[in-house]
Amino acid sequence: MVNYKLKTAGIISLATVMLLGGQISATHVSGIWNKNNTFREDFEFEKAEVINYDEMHHVKLSKDNNDLDLYKFVPRASGTYEVYISNTDADFLIGVIDYEKFDYDLQPSDVLWYSERDDDLSDFNFVKGNTYYIIAWTVNTYVNADYWFSFVNYKGDGNPYAGWRCMDGSWFYMYEDGTYAEGWTKIDGKWYFFNYEKEMQTGWIKDGGKWYFLSSSGEMATGWISDNGNWYYLKSSGEMATGWINDNGTWYFLKSSGQMAENEYCNGYWLGKGGKWTYEHKASWKLDSKGWYYQDTSGWYAKNSSYKIDGKVYNFNSEGYCTNP
């Protein structure tokens, strides 16, 4: 029988709602059944919104169509999960499809349903790591639906919160024991960094006197990256490179800021388009009675032009002397 505490619960704890940011909006998709009451082969599973334990989800459907809300749930612990409905007088219908057992001959009677007409079901047994699709619909077609639902009151030996969690717009990673990741953490083969408040970091960070770059998803970058129009190279350790590097047989120069040199002289060598060092002759500053000039080991010298040398632009007159040494 239905657990009547579920029907009179009213609202999930305010703390939980505040932590998880409140409403999660689902994607509306069209109906699931063919005329012969089997599952549509073109049903848009890929549009499902990913949901987590103890998150509130708002189902609001118009009577002008027969759409449904579609969610994807991959539980982080095996056990029993109760379904919470904010308005049990609403014309609600919650269906669960176990995708591990799914085939397109699925019929309405094969879906595990919970509705305002069904007093025999209040919870679902989920297996950790399995994929379930949640259909939020209405008992009657072409009627308005407006309610909130969530999976709550987990009973089992695991931690349904374990893994990634978004709280107040920041991402955190919870371990099975309920503690959160801090500092450098390897998750599913990728490195992330969490500050002392346990928040996942993105962008540039400095740790131990070294610079690292974390993508928008938090993953530590390696290799070449472009940021604000400049190229940088991150070593296999994630550390930002400076000075000369050899990448696949080509030499590049990274300034002290980490920016790749391009179309300029660095340490006397010319770095052309794309930052590649292809011109072997080395240039250096020289001084005579008329002033400073810049000449390489082939005898070439700069004149009637401007060149960027070690980060500064220098101008040279028709005789090759620098006018702004």
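Just above, that's the structure.
Calculation notes
Residues numbered from 1 in each chain as written. Predicted model: local features only at pLDDT ≥ 70, side-chain atom pairs only at ≥ 80, totals over all residues. Heavy atoms only, no water. Phe/Tyr/Trp six-rings, centres within 6.5 Å; stacked < 30°, edge-to-face > 60°. Buried < 20%, exposed > 50% of the residue type's maximum accessible area, 1.4 Å probe, protein only. Helix = DSSP H or I, 4+ residues; strand = E, 2+ residues; numbered from the N terminus. Contact = heavy atoms within 4.5 Å. Pairing = 2+ DSSP bridges. Core = buried A, V, L, I, M, F, W, Y, C linked by side-chain atoms within 4.5 Å. Polar contact = N/O pair within 3.5 Å; in protein donor to acceptor, adjacent residues only side chain to side chain.

With that settled, consider the packing of aromatic side chains. Enumeration over the complete set of coordinates arrives at 55 aromatic pairs. Considering the side-chain rings of Y173 and Y175, the 5.8 Å spacing of their centres and the 80° angle between planes classify their relative orientation as edge-to-face. A relative accessible area of 18% means that Y173 is categorised as buried. Judged by relative accessible area, which is 33%, Y175 ranks as partly exposed. Pairwise contacts between aromatic rings join Y53, Y71, F73, Y81, F124, F126, Y132, F149, F151, Y154 and Y161 into one cluster.

What follows deals with the side chain of R40. Along the chain, R40 falls in the loop between strand 2 (27-29) and strand 3 (49-51). Taking the relative accessible area as the measure of exposure, R40 reaches 13% and is therefore buried. When neighbours within four sequence positions are excluded, R40 is seen to be in contact with S30, G31, I32, W33, N34 and Y104.

Below, the discussion takes up the pairing of strand 7 (residues 92-98). Counting buried positions along strand 7 yields six of seven residues, so the element is predominantly enclosed. One ladder, built from seven bridges, connects strand 7 with strand 10 (residues 132-138); its direction is antiparallel. Pairing of I94 across the sheet is with A136, part of strand 10. In this sheet, strand 8 (residues 112-115) lies alongside strand 7 in antiparallel orientation, the contact comprising four bridges. Paired with V96 across the two strands is L112, which belongs to strand 8.

Counting residues in hydrophobic clusters, the biggest one holds 25 residues, and the most contacted among them are Y81, I85, F126, I134, Y147, F149 and F151. Residue assignment for this core shows that the elements contributing at least two residues are strand 4 (57-61), strand 5 (68-73), strand 6 (79-85), strand 7, strand 9 (123-126), strand 10 and strand 11 (145-155). Among residues more than four places away in sequence, those in contact with F126 are F73, P75, A77, S78, G79, Y81, V96, Y132 and F151. With 18 residues, the next largest nonpolar core counts F39, L70, W113 and I135 among its residues.

Moving on to the environment of Y132. As for its placement among the helices and strands, Y132 is situated in strand 10. The class of Y132 is buried, set by a relative accessible area of 3%. Taking C-alpha positions, Y132 is 8.4 Å from Y71, a pair spaced 61 residues apart along the chain. A distance of 2.9 Å separates the side chain of Y132 from the backbone nitrogen of V127, its partner in a polar contact.

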